[in-house]
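What follows is each chain in one-letter form.
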Amino acid sequence: FVPFSFLRYRYAYSAFGILNALLLLVVFKRIRRGNVAPGPNCRWMQLTLLCGFLPIFIALMQGQDSILMLVLFVICGQMLETRSDAKAGAILALALFKFQFVLPAAVLIGLRRSRFFAAFAATTFALAGISVCLVGISGAQSGLGMLLNMSTRLSGASQQAAYMVFPSAMANLRGFIETTLGGVLQHGSLQQLTAGLSIGMLVWCAFRIRGLANIVICAVLVSYHALPHDLSLLLIPISTLCARIAAGASFQPRRDLAFLTSLMCAPTILLFFGSRFFLYAIVLCAALIFFPRSFEQETRVEGPSAVAAG
């Protein structure tokens, strides 16, 4: 953010918007190189998804850094495909400014790849050291105290008044639990239930799912703080499912197409019902529990010569 601070706010906002647009081009080009052979029709489909997904628009409009997180996740996924585990771990650690998504993803990936976890941990400690040097011990303690106040010490009404935190706008387990059970359970019970279900889902996913797309869905669900612009990260599973359908690798094309439509359109529909994005968690849970294979990547087929050689 330092280079933008030399500009007046209006120009800095415009410049950061241009940077985010360029980052989206990076995402589009790198997603096209995924394991699923996309083909020309799928490239146009993925470009349409990129431009039409509501969280992407919100991130651009608000000048959020969620698109930068998306870029780092996409690059990390490509490094994992090429077995460059150490590079993947270091790159994913650079996205720790959104640690609520990065840490669950790192746990699920690191359980199967020790080199990834070692590089991730080393980069994390280095970044933490740099951060403490920048703000000092007291600054770090102040930041942690603010996070605790925002997340666990204040109830829903107090959170909304002090930090403009609205659980009903969060498409994760916390948002669904606090919105549906907030009038029934005490704040402490809500916290315990959210923690228990999140840990349970992480353990279940550690044994049952494969692929970065499924890991991203799990990370969004167990993240404690996920606002609409953060859902830009879901472009990874959406693009994966899109590529499977276009490449003819879908197990049930009609079902997967209907599910792809719900993943794409649900945020826009929910926006018109008072931003009740917490209901989107139902769609994500269904994807993770009932259709995890639809979001696993297939081996790329390079062309007719590769098929003949096989």
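Residues numbered from 1 in each chain as written. Predicted model: local features only at pLDDT ≥ 70, side-chain atom pairs only at ≥ 80, totals over all residues. Heavy atoms only, no water.

The next point concerns the layout of surface pockets. Where empty space is left in the structure can be found by rolling a water-sized probe over the atoms. Its boundaries defined by the atoms lining it, the largest pocket holds a volume of some 1600 Å³. Surrounding the largest pocket, 40 residues form its lining, L96, F97, K98, F99 and L147 being those nearest its centre. Put simply, the parts of the chain that give the lining of the largest pocket at least two residues each are helix 1 (9–31), helix 6 (99–110) and helix 7 (114–153). It is helix 7 that contributes the most residues to the lining of the largest pocket, 18 residues altogether. Residues belonging to the lining of the largest pocket are distributed by class as follows: 27 nonpolar, 10 polar and 3 charged. (1 Å grid on protein atoms, 1.4 Å probe; cavity = no way out; pocket = protein on both sides within 12 Å on 5 of 7 lines; lining within 4 Å. Points joined across faces, edges and corners; volume = space filled by probe spheres on them. Helix = DSSP H or I, 4+ residues; strand = E, 2+ residues; numbered from the N terminus. Nonpolar A, V, L, I, M, F, W, Y, C, P; charged D, E, K, R; others polar.)

Attention shifts here to the packing of helix 1 against helix 4 (residues 66–81). It is at 9 Å that the axes of helix 1 and helix 4 come closest, and there the two elements cross at 25 degrees. On the basis of their axis angle, the class for helix 1 and helix 4 is roughly parallel. As helix 1 runs across helix 4, the sense of the crossing is left-handed. Facing N20, L23, L24, V26, V27, R30 and I31 of helix 1, the residues of helix 4 in contact are I67, L68, L70, V71, V74, I75 and Q78. (Axes fitted to C-alpha atoms, helices over the stretch in contact; angles between N-to-C directions. Parallel < 35°, antiparallel > 145°, perpendicular 65-115°, else oblique. Left-handed = near helix turned anticlockwise from the far one by under 90°. Contact = heavy atoms within 4.5 Å.)

In this section: the packing of helix 1 against helix 3 (residues 54–62). With their axes 8 Å apart at the nearest point, helix 1 and helix 3 run at an angle of 150 degrees to one another. Here helix 1 lies roughly antiparallel to helix 3, going by the angle between them. On helix 3, the residues that touch Y13, G17, N20, A21 and L24 of helix 1 are I56, A59, L60, M61 and Q62. Of the residues belonging to the contact of helix 1 with helix 3, the class tally is 7 nonpolar, 3 polar and no charged.

Quick look at helix 6 now. Its 12 residues give helix 6 an end-to-end C-alpha distance of 15 Å, which sits within 8% of 16 Å, the value for a rise of 1.5 Å per residue. With 9 of its 12 residues buried, helix 6 lies for the most part within the structure. Restricting attention to buried positions, one finds in helix 6 the residues Q100, F101, V102, P104, A105, A106, L108, I109 and G110. (Expected span 1.5 Å × (residues − 1). Buried < 20%, exposed > 50% of the residue type's maximum accessible area, 1.4 Å probe, protein only.)

Attention shifts here to the nonpolar core. Among the nonpolar cores identified, the biggest contains 80 residues, and F73, L92 and Y280 are the most heavily contacted of them. Here Y280 is in contact with F53, A171, L231, L234, S262, L263, A266, P267 and L270, once residues within four sequence places are set aside. (Core = buried A, V, L, I, M, F, W, Y, C linked by side-chain atoms within 4.5 Å.)

Our focus in this paragraph is unusual backbone geometry. A positive phi is found at R83, a non-glycine position, where the angle reads about 65 degrees. The residue R83 is located in the loop between helix 4 and helix 5 (85–93) in this model. In this structure, S275 takes a positive phi of about 55 degrees despite not being glycine. For S275, the location among the structural elements is in the loop between helix 13 (253–271) and helix 14 (280–290).

Going through the model one piece at a time under the given rule, you end up with 7 aromatic pairs. With centroids separated by 6.3 Å and ring planes inclined at 70 degrees, the aromatic side chains of F259 and F295 adopt a geometry described as edge-to-face. Of this pair, F259 sits in helix 13 while F295 sits in the loop between helix 14 and helix 15 (304–309), placing them 36 residues apart in sequence. In textbook terms, an aromatic cluster arises when at least three aromatic residues are bridged by ring pairs, as seen for F259, F290, F291 and F295. (Phe/Tyr/Trp six-rings, centres within 6.5 Å; stacked < 30°, edge-to-face > 60°.)

Secondary-structure assignment places L234 in the loop between helix 11 (212–222) and helix 12 (235–246). Distance from L234 to L263, taken between C-alpha atoms, is 8.7 Å for residues 29 residues apart in sequence.

Its location among the elements puts N20 in helix 1. Along the primary structure N20 and A59 are separated by 39 residues, whereas in three dimensions their C-alpha atoms are 8.7 Å apart. When sequence neighbours within four positions are dropped, the list of residues in contact with N20 reads A59, L60, G63, Q64 and I67.

In the predicted model, the protein carries a mean pLDDT of 86, and 87% of its residues have values of at least 70. Per-element confidence in the protein ranges from a low mean pLDDT of 37 for helix 15 to a high of 96 for helix 5. Per-residue pLDDT stays below 50 along residues 299–310; that stretch engages in 10 contacts with residues further than four places along the chain or on separate chains. (pLDDT = per-residue confidence, 0-100.)

This next bit is on helix 10 (residues 187–208). With 22 residues, helix 10 should reach 32 Å at 1.5 Å per residue; the first-to-last C-alpha distance of 31 Å fits that figure. Residues L190, Q191, T194, S198, M201, C205 and A206 constitute the buried set of helix 10. Down the axis of helix 10, the smallest arc covering the buried residues is 135 degrees, so these residues share one side. Among the exposed residues of helix 10, those oriented more than 90 degrees off its buried face are Q192, I199, F207 and R208. (Arc of directions from axis to C-beta.)

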